[in-house]
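One-letter residues, chain by chain:
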Amino acid sequence: MEPKVYINGELYPKEEAKVSVFDHGLLYGDGVFEGIRCYNGAVFKHSEHIDRLYSSAEAISLEIHLTKDQLKDAVINTLEANNLKDSYIRLIVTRGVGKLGLDPFNCETSQIIIITDTIQLYPKELYENGLDAIIVQTIRNHSKALNPTIKSMNYLNNILAKIECLNAGAAEGIMLNTDGYVAECTGDNIFIVKDNEILTPPVSAGILVGITRNVVIELAKEAGVTVKEVQMTQDDLFEADECFLTGTAAEIIPVANIDGRKIATGKPGKITLSLLKKYQELTSSHSSL
Ligand code: PXG
């Protein structure tokens, strides 16, 4: 069956799913998006992703011409039309078609696009052995320039960081903020474990408030592990007992090395592995829409 893509209320075969070259999403990266997972036919943290999408849209004065419930139904209908039970959903709202020139208010109407596909996670081996990361030179956007809490279609900050890490042969790049503190990775949030406590940078460090990050914080607290949102330096990373990354695509992935320096023994830590197991239990038991 040919994949179908939702655009503004209609489903189009993949080959015919096209948007105008005058869409400000293309011209200026003017729009917002979400990356969502569906496990066993159920959309994981659907409301949380929809809420974040609307917050991102509001932050850039972008109106979404559907209610949250209508948009959730559109996501579910697109999954059903594609007969998908386990999938990656890319939900995009662009500014829409307008004239050349930045002015977003000359655009006709925002466009809603829903792509359902699969996503390539890191290879299984990296979940068992941990990945190599580097600290990149590209600084995470300052929250007064482009607030990282907004999941916008402007991902060049992250892409430049990703180019740096890929060129260095690393799987992920850790980005610092303008104050030199650890912020997050190009497409994942970062956590460390120190003396049996879990530490992660606070939202004020300039990060995307990851849905997976929030789930992991909850799972850790339920397991009785202390979680602290604290500013951390790169030395805190090197001195950590464990380090792991979280994201919709990656789920929870251990970090073995940073800048070629082993994190503790260089093997995935106990707390990381137990959280990964709990996360997998949560997603595999997840089956209500
Ligand atoms: N920080 C950044 C900068 C991200 O882009 C996360 C953290 C983790 O957030 P969630 O809500 O997913 O836990 C992200 C998410 C992709 C892709 O296509 C990227 C993300 C998620 C899914 C797919 O590369 N990034």
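Residues numbered from 1 in each chain as written. Predicted model: local features only at pLDDT ≥ 70, side-chain atom pairs only at ≥ 80, totals over all residues. Heavy atoms only, no water.

1. Some thoughts on the nonpolar core
In step 1: Membership of the largest hydrophobic core comes to 43 residues, with the highest contact counts inside it found for L131, I174, I198, L237, I258 and L275.
In step 2: A per-element tally of this core places helix 6 (residues 211–222) first, with 5 residues.
In step 3: Aside from chain neighbours lying at most four places away, what touches I174 is A133, I134, I135, V136, V182, E184, C185, I190, L237 and I258.
In step 4: Counting 23 residues, the second largest nonpolar core, distinct from the first, contains V32, I36, V43 and I112. (Core = buried A, V, L, I, M, F, W, Y, C linked by side-chain atoms within 4.5 Å. Buried < 20%, exposed > 50% of the residue type's maximum accessible area, 1.4 Å probe, protein only. Helix = DSSP H or I, 4+ residues; strand = E, 2+ residues; numbered from the N terminus. Contact = heavy atoms within 4.5 Å.)

2. Re the domain arrangement of the chain
In step 1: Each assigned domain of the chain is listed with its residue range as follows: domain 1 (4–117) and domain 2 (124–284).
In step 2: Once you take the C-alpha centre of each, domain 1 and domain 2 turn out to be 27 Å apart.
In step 3: At the interface, 25 residues of domain 1 touch 19 residues of domain 2.
In step 4: Summed over both partners, the interface of domain 1 with domain 2 comes to about 1,600 Å²; 64% of that surface belongs to carbon and sulfur atoms.
In step 5: On the domain 1 side of the contact with domain 2, F33, F44 and R52 bury the most area, a combined 35% of that side's loss.
In step 6: Applying the counting criterion to the domain 1 and domain 2 interface returns 1 salt bridge.
In step 7: Of the charged contacts in the structure, one is a salt bridge between E251 and R37, with a shortest N-O distance of 3.5 Å.
In step 8: Here domain 1 is connected to domain 2 by 12 residue pairs in polar contact (both at pLDDT 80 or more).
In step 9: Listed by contribution, the elements that provide at least two residues to the side of domain 1 that touches domain 2 are helix 1 (24–28), strand 3 (31–39), helix 2 (46–59) and strand 5 (87–94). (Domains from an automatic or database assignment. Buried area = accessible area lost by both parts, 1.4 Å probe. Salt bridge = Lys/Arg side-chain N within 4 Å of Asp/Glu carboxyl O. Polar contact = N/O pair within 3.5 Å; in protein donor to acceptor, adjacent residues only side chain to side chain.)

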